Amino acid sequence: MRVRLTALYGGLVLVSGLVLLTVVYVLVRGTLTTQSIIDGVDEPDRPGSSGSPTGQPEPPDMQDGWLPGVAASAREAALDNILLSSTLAVAVLAALSVAVGWWVAGRVLRRLHRVTATARDLSWQDLRRRIAMDGPRDELKELADTFDELLSRLDQAFDAQRRFAANAAHELRTPLAIERTAIQVGLRDPTPDQLREVRDQLLETNRRSERLIDGLIVLARGDAGLATREPVDLAVVVDDVTERFAALAAEHEVTVAVDARPVRLAGDSALLDQLVSNLVQNAIRYNHPGGRVAVRTLTPVGVEVTNTGPRVPAGDVDRLFEPFQRGNATRTGSNSGAGLGLSIVRAIAHAHAGVITATPNPAGGLTIHVILPSS
């Protein structure tokens, strides 16, 4: 690139010089005529008819017509001098432009080499390095800053992926340990009551593993984006979900209020059903007896779920949307779920190009807004 930039600089200067030389030469040639030279020369006074200062007859070569020939010769000599001098000047200027262009290109590309060297030295295990380019706010600094922002996003994504893998391994290892313990201890010398107890324990552990795997599949599907879209009415989804969880709400002694007005968008109906289901299920489970849950659709397109319950510190709200995070525990230790509910909601919202926000309520609980595009 440095050679190409130098050739470009030198070529532009050479072409510009040749164009300027041609224009100047044409203008001078048109202006410097034989007649203009003759007009600028005073002929000697010729007394009488001889025209000679001494009164003697002029030589043949000095008689009438001698001045136009001399003027034409002078004109050609002047034009040749101008052409030669200008050509030499353009050649020197082109040579200097090549030298200066090589130096300037090196100065410009030096900052670009810094970006390239940083990118070459990076690996997935070392994404914390930054270019941090200083200097004027030009295109190269904008490129370096954009590259730094990309590295920050990649670093966050890899950190989240590592945490997710570690948490998923932990969650999947727990039911296996429970099953192994139940088999080794409960079936060593079992009685009929112990067999029933081991059976129930294994079934519950199996259901827990199944819920976890289903959650991971939905989470991966949401992260992958939407393959197809279809018309969906959020009001119908909200009515179906709240009716489905009516028994769970009665079991937890929670009142659910619904305000579902027709709100239509293009999306994946199964994923949107999962989104509303997770929000309503979390709002019921993380509540207290006699608590309330309010579910309503938003205009132009969105859904809001508000619940009572324990107070949630404002600093813990973002953490709740990470996989395997719960309000009362960071990872395992709860049979109520796998800690993927809100992370699945966020993934589905992002798959629909939507935005999700959560705000702690002063009296306890959360208010979650999911805003989705209408088309």
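Every residue gets a number counted from 1 within its own chain, in the order that chain's sequence is written. Local features in this predicted model are restricted to residues of pLDDT 70 or higher, and side-chain atom pairs are both shown and tallied only at a pLDDT of 80 or more, whereas totals for entire chains, interfaces and linings draw on every residue. Side-chain numbers come from the whole structure's heavy atoms, not from hydrogens or water.

Visitor: Can you tell me about the overall build of the chain, naming the residues and giving the values?
Guide: Within the chain one finds 9 helices and 7 strands. Any two residues having at least one pair of non-hydrogen atoms within 4.5 Å are treated as being in contact. Long-range contacts, defined as pairs at least 24 residues apart, comprise 69% of the intrachain contacts of the chain with a sequence gap of at least 6. Numbering of helices and strands runs from the N terminus; a helix is a DSSP stretch of H or I covering at least four residues, while a strand is a stretch of E covering at least two.

Visitor: Summarise the pairing of strand β5 (residues 302–307); cite the residues concerned and give the values.
Guide: Residue burial is assigned from relative accessible area. The probe radius is 1.4 Å, only protein chains are included, and a residue is buried under 20% of its type maximum, exposed over 50%, and partly exposed in between. Counting buried positions over the 6 residues of β5 gives 5, a clear majority of the element. DSSP calls a pair of strands paired once it identifies at least 2 bridges connecting them. Counting the residues between successive antiparallel strands, the hairpin from strand β4 (residues 292–298) to β5 contains 3 residues. Two elements, β5 and strand β7 (residues 366–371), share 5 bridges in a ladder whose sense is antiparallel. In the strand pairing of β7, Thr306 is matched with Thr367.

Visitor: An account of unusual backbone geometry is requested, with residue identities and associated values reported.
Guide: Between Thr299 and Pro300 the backbone carries a cis peptide bond, its omega angle lying at 10 degrees. Structurally, Pro300 is set in the loop between β4 and β5. Phi is positive for Glu253, which is not a glycine, with a value near 55 degrees. Note that Glu253 resides in the loop between α7 (246–251) and β2 (255–259). Relative accessible area serves as the criterion here: at 51%, Glu253 is assigned to the exposed category. One non-glycine residue, Ala353, lies in positive phi territory at about 60 degrees. Locating Ala353 in the fold gives a position in the loop between α9 (341–351) and β6 (355–360).

Visitor: Can you break down the nonpolar core residue by residue, with the values?
Guide: Residues enter a nonpolar core if they are buried and are Ala, Val, Leu, Ile, Met, Phe, Trp, Tyr or Cys, with the set joined through side-chain atoms within 4.5 Å. Ranked by internal contacts, the top residues of the largest apolar core, which has 44 residues, are Leu275, Leu279, Ile368 and Val370. For this core, the leading source of residues is helix α8 (residues 269–285), giving 8 residues. Those residues in contact with Leu279, other than ones at most four positions away along the chain, are Val303, Val305, Leu342, Val345, Ile368 and Val370. The next biggest cluster of nonpolar side chains, apart from the first, holds 8 residues, and it includes Ile131, Met133, Ala144 and Leu151.

Visitor: An account of α9 is requested, with residue identities and associated values reported.
Guide: Counting buried positions over the 11 residues of α9 gives 8, a clear majority of the element. Three or more residues of α9 are buried, namely Leu342, Ser343, Ile344, Val345, Ala347, Ile348, Ala349 and Ala351. Within two residues after α9, Ala353 carries a phi angle of roughly 60 degrees, on the positive side.

Visitor: Quick one: what's the story with the sheet that holds β5, residue by residue and with numbers?
Guide: Strand order in this open sheet of 5 strands is β2-β4-β5-β7-β6, and the pairing throughout is mixed. Two strands lie at the open edges of the sheet, namely β2 and β6, each paired on one side alone. Between one strand and the next, the sheet's axes are offset by a mean angle of 10 degrees, whatever the strand orientation. Simply put, an axis is a line fit to the C-alpha atoms, just over the touching stretch for a helix, and the angle between two N-to-C directions goes from 0 to 180 degrees. Contacts from helix α6 (residues 234–244) reach β2, β4 and β5, with the element oriented near 160 degrees to β4.

Visitor: Go over the side chain of Thr297 with me, naming the residues and quoting the values.
Guide: Following the sequence through the fold, Thr297 ends up in strand β4. Among the polar contacts listed, one links the side chain of Thr297 to the backbone nitrogen of Arg261, at a separation of 2.9 Å. Filtering out sequence-adjacent residues up to four positions away, Thr297 remains in contact with Leu234, Ala235, Val238, Asp259, Ala260, Arg261, Val263, Gly302 and Val303. N or O atoms closer than or at 3.5 Å make up a polar contact, with two conditions inside protein: a donor-capable atom paired with an acceptor-capable one, and, for residues adjacent in sequence, both atoms drawn from side chains.

Visitor: Please provide a residue-by-residue account of the pattern of salt bridges, values included.
Guide: In the sections that follow, a salt bridge refers to a side-chain nitrogen of Lys or Arg positioned within 4 Å of a carboxyl oxygen of Asp or Glu. Inspection of the entire model under this criterion finds 9 salt bridges. In this structure, the salt-bridge partner of Asp145 is Arg137, at a minimum N-O distance of 2.5 Å. Salt-bridge contacts for Asp200 lead to Arg199; the nearest nitrogen and oxygen are separated by 3.3 Å. Classification of Asp200 as partly exposed rests on a relative accessible area of 41%. The partly exposed category is assigned to Arg199, whose relative accessible area is 47%. It is possible to trace a salt-bridge network through shared partners that takes in Arg137, Lys141 and Asp145.

Visitor: Talk me through the packing of α6 against α8; I want residue IDs and the actual numbers.
Guide: Running from N to C, α6 and α8 cross one another at 45 degrees; their axes reach a closest spacing of 9 Å. Considering the angle they form, α6 stands oblique to α8. The way α6 lies across α8 gives a crossing that is right-handed. On α8, the residues that touch Val237, Val238, Val241 and Arg244 of α6 are Leu272, Asp273, Val276, Ser277 and Val280. Broken down by class, the residue content of the contact of α6 with α8 amounts to 6 nonpolar, 1 polar and 2 charged. Here the angle decides the label: under 35 degrees means roughly parallel, over 145 means roughly antiparallel, 65 to 115 means roughly perpendicular, and every other value means oblique. In this scheme, a crossing is called left-handed if the near helix is turned counterclockwise away from the far one by less than a right angle; it is called right-handed if the turn is clockwise. Charged residues are taken to be Asp, Glu, Lys and Arg, nonpolar residues to be Ala, Val, Leu, Ile, Met, Phe, Trp, Tyr, Cys and Pro, and polar residues to be all remaining types, Gly included.

Visitor: Report on α6, specifying residues and quantitative values.
Guide: Residues of α6 that are buried include every one of Leu234, Ala235, Val237, Val238, Val241 and Thr242, and no others. Buried residues along α6 cover an arc of 160 degrees about the axis, so they all sit on one side. Between a side-chain oxygen at the N-terminus of α6 and the backbone nitrogen of Ala235 the separation is 3.0 Å; the capping residue is Asp233. Directions pointing from the helix axis toward each C-beta atom define the arc.

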